Structure formats: C-alpha cells, structure tokens
Amino acid sequence: MNIVNRNILIVEDELKIAEVLQSFLKSKGFRTFTAENGREAMEVFDKENIALILLDLMLPDISGEEICRTIRKKSRVPIIMVTAKAEEEDLLEGLQIGADDYIMKPFSLKELNARIEAVLRRSSKDLVPLFRKNSYNHDDLYVDFESRTLKKKQKEVNLTPTEYKILAALMKYPGKVFTRNELITIALGDEFLGYDRAVDSHIKNLRQKIEDNPKEPVYILTIHGAGYKFGGESST
Ligand code: CA
C-alpha cells in the first residue's frame, strides 16, 4: 500500500508566478507549499513531507544554487530549477550541484507538468540511498554501520537492535520521510504491522541517546501526519 506523495514546494519570490503555479499544480492533483525566500524554503522543507521542489534561482536572500546545495546535504528529494538564465554553463552547474532537471522562464504549464511527472516517476523508481558510506561522522555523532557502533560526543552509546535498525534506515535515506509502518517493517518485520505506534517509543529512546535536546531534535525529525526523517547533514 503506497500512498503517493504529491506535495510540491514552490520556491518563488514573484508572488504572481507563485500563484499561477500553485493553482495550476492544484488542478493537477498536487498539494502545494510556497516559500518566498531561502530561509522559508528550508523551514518548510524540514517540516513537511515534500516530494519535489520547484526552485527559482533568483531569490532575494540566498540563491537557488545555495539552497540546492544545502538540501542535497540532507536529502535526495527531486529538485527542478526554474531559471531565467539562459547560459548553458549555469544550467550545467545546476545539474552538477544536484538538481534533477531545469526549466527556463518563460515556460508553458504543460511543459512544466510533463517535467514534474517525469522527475517524480524517475525518483519513485530508484530510491537510492544518498548515503553509501560505511560510517557517518558529522558534528558530534559517529555511526559505524559495519560494527553497528555509535558514539555521541566521542562516548560510545548502546542501542538496542531495533533502535539501531530504525536509525540506520533513517540515516541511509536522509530526507526521506518514513511512515511508522515502514519503520516497523524495517526494524521488526511484517508480522508487527498494526503496532505502528510502537515506533514512537523507539524514536523517543533514540532521541534520548543521540540528541543534545530530545525535545528539539535535529537528527530525528517528526513530520506531522507522515512519520519521521533524518535531519542531519550527510555529505562530508
Ligand atoms: Ca525570482
């Protein structure tokens, strides 16, 4: 049972354009979120279960390129860059820093829709772990996926096997929102389906062990109405 996520984040400072995009995408069955600048974009992205980002490059605070780099440190979420720049070099740079596609202003809504659907189709097929390394080492958190050891502030922390499996799944797919059922299946197997609230207590214990302040977690984020995702940076 897979409920397809059709949440799109529109990052656009020109309100007229944002409105047009919003009403068009709604008519195509998407749920839209909007952000006028980079700061808002990151806030919405961290809080919501976003399936795709439409990212304008020219923004008032930080550039679209910078937002793309920041998001790529934590997520493989599909990004389509919307650009007025016509230079081929700029477009190549966009793809190099992790955009999945780009579209040039002015564009037709029909073309935009085709690109969105194509990128979503591609990304639903290959859910690849962003994080392929054998260990995670960022800030004060260290996890060795081979020996299954975890250190917080250089001190070894003991995780139960279930806690470890949940954490490893979240970390290996940073930015992907896992439903409770998905996490239970990963950690305990299919026969435990139906006890999905049990995940919450494992998450609570994990937060006690790895977060500086479990009440304001930065590694394991709650996405309301959806589940959990890893919020830490994953690139080196
Ligand atoms: Ca703009």
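Before reading on, note that the structure itself is shown above.
Let me sum up the structure you'll find in this document. (Residues numbered from 1 in each chain as written. Predicted model: local features only at pLDDT ≥ 70, side-chain atom pairs only at ≥ 80, totals over all residues. Heavy atoms only, no water.)

## Observations concerning the overall build of the chain
- Along the backbone of the chain there are 8 helices and 11 strands.
- By residue count, 45% of the 236 residues in the chain fall in the buried class.
- The long-range share in the chain, meaning contacts at least 24 apart out of those at least 6 apart in sequence, stands at 57%. (Helix = DSSP H or I, 4+ residues; strand = E, 2+ residues; numbered from the N terminus. Buried < 20%, exposed > 50% of the residue type's maximum accessible area, 1.4 Å probe, protein only. Contact = heavy atoms within 4.5 Å.)

## Examining the packing of aromatic side chains
- With the rule as written, the count across this model stands at 2 aromatic pairs.
- A ring pair is formed by Tyr136 and Phe230, whose centres lie 5.6 Å apart and whose planes are at 85 degrees; its orientation type is edge-to-face. Of this pair, Tyr136 sits in strand E6 (residues 135-138) while Phe230 is found in strand E11 (residues 227-230), placing the two residues 94 residues apart along the sequence.
- Look at Phe230 and you get buried, because its relative accessible area is 1%.
- Look at Tyr219 and Phe230: their rings are 6.0 Å apart centre to centre, the planes differ by 20 degrees, and that puts the pair in the stacked class. Residue Tyr219 is located in the loop between helix H8 (198-210) and strand E10 (220-223), and its partner Phe230 is located in strand E11; the two are separated by 11 residues in the primary sequence. When sorted by exposure, Tyr219 lands in the same class as Phe230, which is buried.
- Of the aromatic side chains, those joined through ring pairs into one cluster are Tyr136, Tyr219 and Phe230. (Phe/Tyr/Trp six-rings, centres within 6.5 Å; stacked < 30°, edge-to-face > 60°.)

## With respect to the coordination of the calcium ion
- Coordination of the calcium ion by the protein comes from Asp13 (OD), Asp56 (OD) and Met58 (O), over a distance range of 2.1 to 2.3 Å.
- One chain supplies every donor to the calcium ion, and in sequence these donors are spaced D-x42-D-x1-M. With a gap of 43 residues between them, Asp13 in the loop between strand E1 (7-11) and helix H1 (15-27) and Asp56 in strand E3 (residues 52-56) connect regions that are remote in the sequence. (Donors = N, O, S within 2.8 Å, 3.2 Å for Na, K, Ca; no water.)

## Concerning the environment of Ser75
- With respect to the helices and strands, Ser75 occurs in the loop between helix H3 (64-72) and strand E4 (79-83).
- Classification of Ser75 as buried rests on a relative accessible area of 1%.
- Remark: the alpha-carbon pair of Ser75 and Gly231, spanning 156 residues in sequence, is separated by 8.6 Å.
- Engagement of the side chain of Ser75 in a polar contact is seen with the backbone nitrogen of Val77, the distance being 2.9 Å. (Polar contact = N/O pair within 3.5 Å; in protein donor to acceptor, adjacent residues only side chain to side chain.)

## Some details on the sheet that holds strand E2 (residues 31-35)
- The strand order E2-E1-E3-E4-E5 describes an open sheet built from 5 strands, whose pairing is parallel. Strands with a single pairing partner mark the edges of an open sheet, and in this sheet they are E2 and strand E5 (101-104). Strand-to-strand twist of the sheet, defined as the mean angle between neighbouring strand axes without regard to direction, takes the value 20 degrees.
- Relative to E4, E3 is paired through 4 bridges, and the arrangement is parallel. Paired with Ile53 across the strands is Ile79, a residue of E4. (Pairing = 2+ DSSP bridges. Axes fitted to C-alpha atoms, helices over the stretch in contact; angles between N-to-C directions.)

## Some points on the layout of surface pockets
- Quantified by volume, the second largest pocket comes out at close to 180 Å³.
- For the lining of the second largest pocket, the secondary structure elements donating two or more residues are helix H2 (38-47) and E10.
- No other element matches the 3 residues that H2 contributes to the lining of the second largest pocket.
- Per-class residue counts for the lining of the second largest pocket are 2 nonpolar, 2 polar and 4 charged.
- Two domains each provide a minimum of three residues to the lining of the second largest pocket, namely domain 1 (7-125) and domain 2 (133-230). (1 Å grid on protein atoms, 1.4 Å probe; cavity = no way out; pocket = protein on both sides within 12 Å on 5 of 7 lines; lining within 4 Å. Points joined across faces, edges and corners; volume = space filled by probe spheres on them. Nonpolar A, V, L, I, M, F, W, Y, C, P; charged D, E, K, R; others polar. Domains from an automatic or database assignment.)

## Side note on the nonpolar core
- Of all hydrophobic cores here, the largest spans 25 residues; its most connected members are Leu170 and Ile220.
- For this core, the elements supplying multiple residues, two or more each, are strand E7 (141-144), helix H6 (161-172), helix H7 (180-188), H8 and E11.
- Here Ile220 is in contact with Leu167, Leu170, Ile203, Leu206, Arg207, Ile210, Glu211, Tyr228 and Lys229, once residues within four sequence places are set aside.
- Core analysis: the next-biggest nonpolar cluster, separate from the first, contains 21 residues, Ala41, Phe45, Ile53 and Met81 among them. (Core = buried A, V, L, I, M, F, W, Y, C linked by side-chain atoms within 4.5 Å.)

By themselves these figures say nothing about function.
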